[in-house]
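What the coordinates show
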Amino acid sequence: MTTDKTLADWQAAATKEVKGKDLTWATPEGIAVKPLYTAEDVAGWDAGLPGFAPFTRGVRASMYAGRPWTIRQYAGFSTAEASNAFYHRNLKAGQKGLSVAFDLATHRGYDSDHPRVTGDVGKAGVAIDTIDDMKILFDGIPLDQMSVSMTMNGAVIPVLAFFIVAGEEQGVPMAQLDGTIQNDILKEFMVRNTYIYPPEPSMRIISDIFAFTSQNMPKFNSISISGYHMQEAGATQVQELAFTIADGMEYVKYGVASGLDIDKFAGRLSFFFAIGMNFFMEIAKLRAARVLWHRVMTKLGAQDERSKMLRTHCQTSGVSLTEQDPYNNVMRTTIEAMAAMLGGTQSLHTNALDEAIALPTDFSARIARNTQIVIQEETGMCNVVDPLGGSYYVESLTKELVDRAWDIIERVEAEGGMAKAVAAGWPKAMIEEAAAAKAARIDRKEEIIVGVNKYRLADEEPIDILEVDNHAVREAQIARIKKVKAGRDEAACQAALDALRKGAAGSENLLGLAVEAARKRATLGEISAAMEDVFGRYGTSPTPVKGVYGGAYGDDARWTQLVDGTAAIGRRKGRKPRMLVAKMGQDGHDRGANLVSSAFGDLGFEVVAGPLFQTPKEAADLAIKSDVDIVGASSLAAGHKTLIPELIGLLKDAGRSDIKVVAGGVIPAQDYQYLRDAGVQGIFGPGTNLVEAAGEVLRLLGHNVPPEGVEDAA
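All values derive from a computational prediction rather than experimental measurement.

As for the overall build of the protein
The secondary structure content of the protein amounts to 28 helices and 16 strands. Computed over its C-alpha atoms, the radius of gyration of the protein comes to 26 Å, within 12% of the 27 Å expected for a compact globule of 714 residues. Along the first, second and third principal axes, the C-alpha set of the protein runs to 80 × 75 × 50 Å. A burial count over the protein gives 58% of its 714 residues as buried. By sequence separation, contacts in the protein at least 24 residues apart represent 79% of the contacts at least 6 residues apart. On the protein, roughly 27500 Å² of surface is accessible, and the fraction owed to carbon and sulfur atoms is 53%. One finds the centroid of the 75 positive side-chain charges in the protein at a distance of 1 Å from the centroid of its 91 negative side-chain charges.

See below:
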């Protein structure tokens, strides 16, 4: 059947149906998405065939029709024993690969007995201090048969050394170890902040790992270049795509500069992307990533097609999960999992419904895992290779993302590469501006989050969450550290650590030296400290963006009321009201803290943006020195019950109980009363509207602003 109707006829009919409404949608990336796509939109674009360059439609000819993606659930909590038991249950239930989450003390290169990590041990992942911990973690899991992914960047040398030695002592030579180490430090300097050493020695560490694994571990992926944390920090999909590919370029250039043959190591590089709720954008992003990587690697001189093939792991978004009405998160994760599958991922982690507020329980983890199993087993989605290939919209969107990301990549290269761009700070600033703009859109209800800013429940029942006893875990870890140290050959251990120091000052391969130190039972903290003695420890202070959040409000009456209230407090005090935004503990995720700093700065507060990784004592000292009126303590890694009460006690002991303390971030409702009893005067959980939070803060400072009512209650 044919028709003589034209596109103009359709446009006229559609416009009439919606009474003149503009149907074009402007995405956060600045892409104008039309309501209808035709062959004209993809003229000149050839997506090719799956398994063939530039791999737009997938890296294998058969894709999931031959073998589905690997179900690889990211997990780790408290002790190695507890995590090992969790892994065994998951593997029995259908999981195909392991993905290890380490606690923040481990990420930052500290043993559990270090005074800076009292609130972090075992809270956001598994604590690994010694080779004994690593052996227990994989007890009963044959490392010659299991692919293991490890999300580690800062303490990548000791963690990978422990993994290698754990394999040896299980009877598995390193040549048989299969898996991936993230090893992506540029992303840490940009958004996640779990770095240890300055950029230059950090890049050397990556090159040393490339060299060691290419020579000794042919089945092991030496890096997973991550865009995931960029999107979680607020990056648009174009920014995530561009900066991730640019990071990959930089790593390859460093590897080549260190003397490696590009085709000897590039085939073992892999990628890691976030999958959010913009369904078709995420599908197109993965397709565009493969096109861009093929282009980049061709430009860098790779000859082997395997070197030009982008293989990726994906994880559904954590930021899209909501504390409010959390069972909606099951649908969100399902939609995101489908997008990853339709985009052609090689492995996938699906987040659990409760991860907006805590580590997953067995109950929620099973739902998350079964989401993937149901897609693979029940839907028929795996029977067709790239089922959206040829879609006018998807192909047009893929081309648009390739072009826009390439523009950013060319800017990066023109300015000397990604390491220099990160040092200059403009990628981080770009991401933070996007995050502030998104927060403003959500708070203004221009972007709807079901159950948060629309269709909000009047009353919500609390859900069961997993809580880790931080004190018990830390005591157990300290006991094991003491046992390992008591049983080792101390002279041999110290000799191995001295060799590592000399190697850091020289040019020997650091991973090889660390493997020897691990064999001699050196702890993670000792191996990290040996390199820190030479390289130093890196630190930065946040610089919040200005004018983005407040600029979205213009002449909004509510915003104007808050600005006037801030000014009134300033007149009463004879200076602007002053807030310290404090990040205590080893959690480097600073999106929430930066948003608070930006919003309150735009309101007229004088904001003291505290440095990352403070102890409660350091935060209290800074609050007193800066003579702040209020401290906003940001917590995303479950250390709030330890760190925030300690801060309040220190302020009280110093005679400054007049300084008010509020808390924000990932704080379960079950913990609110505990914090109130400790003296916290305001608690702002995930999804809090910053305008409403500002009104509450002004009331705490003595200026009464009428509360805004909750709309759309269901």
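Now that the structure is up, let's keep going.
A look at the side chain of Thr 642
Of note, Thr 642 is situated in helix 26 (residues 640-653). Take Thr 642: its relative accessible area is 18%, and that puts it in the buried class. In contact with Thr 642, other than residues within four places in its own chain, are Thr 118, Gly 119, Asn 470 and His 471.

Points about the confidence of the model for the protein
Of all residues in the protein, 98% have pLDDT values of 70 or greater, and the mean over the chain is 92. Counted against residues more than four places away or in other chains, residues 709-714, with its pLDDT under 50, gives 13 contacts.

What about helix 28 (residues 690-700)?
Burial analysis of helix 28 places eight of its 11 residues in the buried class, the great majority of the element. Listed in full, the buried residues belonging to helix 28 are Leu 690, Val 691, Ala 693, Ala 694, Gly 695, Val 697, Leu 698 and Leu 700. At the N-terminal boundary of helix 28, the capping side chain belongs to Asn 689, with an oxygen 2.8 Å from the backbone nitrogen of Val 691. Phi turns positive one or two residues past the end of helix 28, at Gly 702, with a value near 100 degrees.

Focus: the nonpolar core
Formed by 79 residues in total, the largest nonpolar core has its most connected members in Phe 243, Ile 245, Tyr 251, Trp 293 and Met 418. Among the elements that make up this core, the one with the highest residue count is helix 12 (residues 279-299) (12 residues). Those residues in contact with Phe 243 that sit more than four places away from it in its chain are Met 190, Met 230, Ile 408, Val 412, Met 418, Trp 426, Pro 427, Met 430 and Ile 431. Val 126, Phe 138, Leu 177 and Leu 510 belong to the second largest nonpolar core, which has 69 residues in total.

A look at the sheet that holds strand 13 (residues 606-609)
Judged by pairing direction, the sheet is parallel, and its five strands sit side by side in the order 13-12-14-15-16 without closing on themselves. For this open sheet the edge positions go to strand 13 and strand 16 (682-684), each flanked by a neighbour on one side alone. Across the sheet, the mean angle separating the axes of adjacent strands is 20 degrees when strand polarity is ignored. Packed onto the sheet, helix 24 (residues 591-603) meets strand 12 (578-583), strand 13 and strand 14 (630-635) and runs at close to 170 degrees relative to strand 12. With respect to the sheet, helix 25 (residues 616-626) is in contact with strand 12, strand 13 and strand 14, its orientation differing from that of strand 12 by roughly 165 degrees.

A word on the pairing of strand 15 (residues 660-665)
The element strand 15 is extensively covered by neighbouring structure, given that five of its six residues are classed as buried. In this structure, strand 14 lies alongside strand 15, joined through six bridges in parallel fashion. Bridging from a neighbouring strand, Ser 634 pairs with Gly 664 of strand 15. A crossover connection joins strand 15 to the parallel strand 16 through helix 27 (residues 672-677); in handedness this β-α-β unit is right-handed.

Side note on the sheet that holds strand 4 (residues 97-100)
Read across the open sheet, the nine strands follow the order 7-6-5-4-3-11-10-9-8; overall the sheet is parallel. The sheet is open, and its two edges are formed by strand 7 (220-221) and strand 8 (223-226), each paired on a single side. For strand 5 (residues 147-150) and strand 6 (residues 178-181), the ladder comprises four bridges, and the chain directions are parallel. If you follow Val 148 over to strand 6, its bridge partner there is Gly 179. Set on the sheet, helix 13 (residues 328-343) makes contact with strand 9 (269-275), strand 10 (312-316) and strand 11 (347-349); between it and strand 10 the angle comes to about 165 degrees.

Thoughts on the pairing of strand 9
A large share of strand 9 lies buried, amounting to seven of its seven residues. Every second residue of strand 9 is oriented toward a common face, with Leu 269, Phe 271, Phe 273 and Ile 275 on one face and Ser 270, Phe 272 and Ala 274 on the other, all of them buried. Looking at chain direction, strand 8 and strand 9 are connected through four bridges and run parallel. Considered in strand 9, the bridge of Ile 225 is made with Phe 271. Alignment of strand 9 against strand 10, held across five bridges, turns out to be parallel. If you follow Phe 271 over to strand 10, its bridge partner there is Thr 312.

Structural notes on the environment of Ile 262
Tracing the sequence through the fold places Ile 262 in helix 11 (residues 262-265). Considered as a pair, Ile 262 and Lys 219 are 43 residues apart in the sequence and their alpha carbons are 17 Å apart.

Let's talk about the pattern of salt bridges
Under the criterion given, the structure shown has 48 salt bridges. Ionic pairing is found between Glu 432 and Lys 428, a salt bridge with its closest N-O pair at 3.4 Å. Of this pair, Glu 432 and Lys 428 both sit in helix 17 (residues 426-443), separated by four residues, roughly a single helical turn. Asp 498 is paired through a salt bridge with Arg 501; the nearest N and O atoms lie 2.7 Å apart. Of the two residues, Asp 498 and Arg 501 are both situated in helix 19 (residues 490-505); the distance of three residues between them amounts to about one turn of the helix. Overall, the relative accessible area of 37% leaves Asp 498 in the partly exposed class. Taking relative accessible area as the criterion, Arg 501 reaches 26% and is therefore assigned partly exposed. Counted as one network, the salt bridges with shared partners bring together Lys 573, Arg 575, Asp 627, Asp 629, Arg 656 and Asp 658.

Describing helix 14 (residues 362-378)
Helix length check: helix 14, at 17 residues, gives a terminal C-alpha distance of 23 Å against a target of 24 Å (1.5 Å per residue), a fit within 8%. Every buried residue belonging to helix 14 is among Ser 364, Ala 365, Ala 368, Arg 369, Thr 371, Gln 372, Ile 375 and Gln 376, and all of these are buried. Where the residues of helix 14 are buried, they touch strand 3 (70-75), helix 3 (80-92), helix 13 and strand 11. At the exit of helix 14 stands Gly 380, carrying a positive phi of roughly 75 degrees.

Structural notes on the packing of helix 13 against helix 14
Viewed as axis vectors pointing N to C, helix 13 and helix 14 meet at an angle of 40 degrees, and their least axial separation amounts to 10 Å. Classified by the angle between their axes, helix 13 and helix 14 sit oblique to one another. By crossing handedness, the relation of helix 13 to helix 14 is classed as right-handed. Here Val 330, Thr 334, Ala 337 and Met 338 of helix 13 lie close against helix 14, whose contacting residues are Ile 367, Thr 371 and Ile 375. Partitioning the contact of helix 13 with helix 14 into residue classes produces five nonpolar, two polar and no charged.

About the thresholds
- Residues numbered from 1 in each chain as written.
- Predicted model: local features only at pLDDT ≥ 70, side-chain atom pairs only at ≥ 80, totals over all residues.
- Heavy atoms only, no water.
- Helix = DSSP H or I, 4+ residues; strand = E, 2+ residues; numbered from the N terminus.
- Rg over C-alpha atoms; globule rule 2.2 N^0.38 Å.
- Buried < 20%, exposed > 50% of the residue type's maximum accessible area, 1.4 Å probe, protein only.
- Contact = heavy atoms within 4.5 Å.
- Areas by Shrake-Rupley, 256 points an atom, 1.4 Å probe, with all protein chains shown as cover.
- Lys, Arg positive; Asp, Glu negative; His and termini not counted.
- Charge placed at Lys NZ, Arg CZ, Asp CG, Glu CD.
- pLDDT = per-residue confidence, 0-100.
- Polar contact = N/O pair within 3.5 Å; in protein donor to acceptor, adjacent residues only side chain to side chain.
- Core = buried A, V, L, I, M, F, W, Y, C linked by side-chain atoms within 4.5 Å.
- Pairing = 2+ DSSP bridges.
- Axes fitted to C-alpha atoms, helices over the stretch in contact; angles between N-to-C directions.
- Right-handed = clockwise from strand over helix to strand, strands pointing away.
- Salt bridge = Lys/Arg side-chain N within 4 Å of Asp/Glu carboxyl O.
- Expected span 1.5 Å × (residues − 1).
- Parallel < 35°, antiparallel > 145°, perpendicular 65-115°, else oblique.
- Left-handed = near helix turned anticlockwise from the far one by under 90°.
- Nonpolar A, V, L, I, M, F, W, Y, C, P; charged D, E, K, R; others polar.

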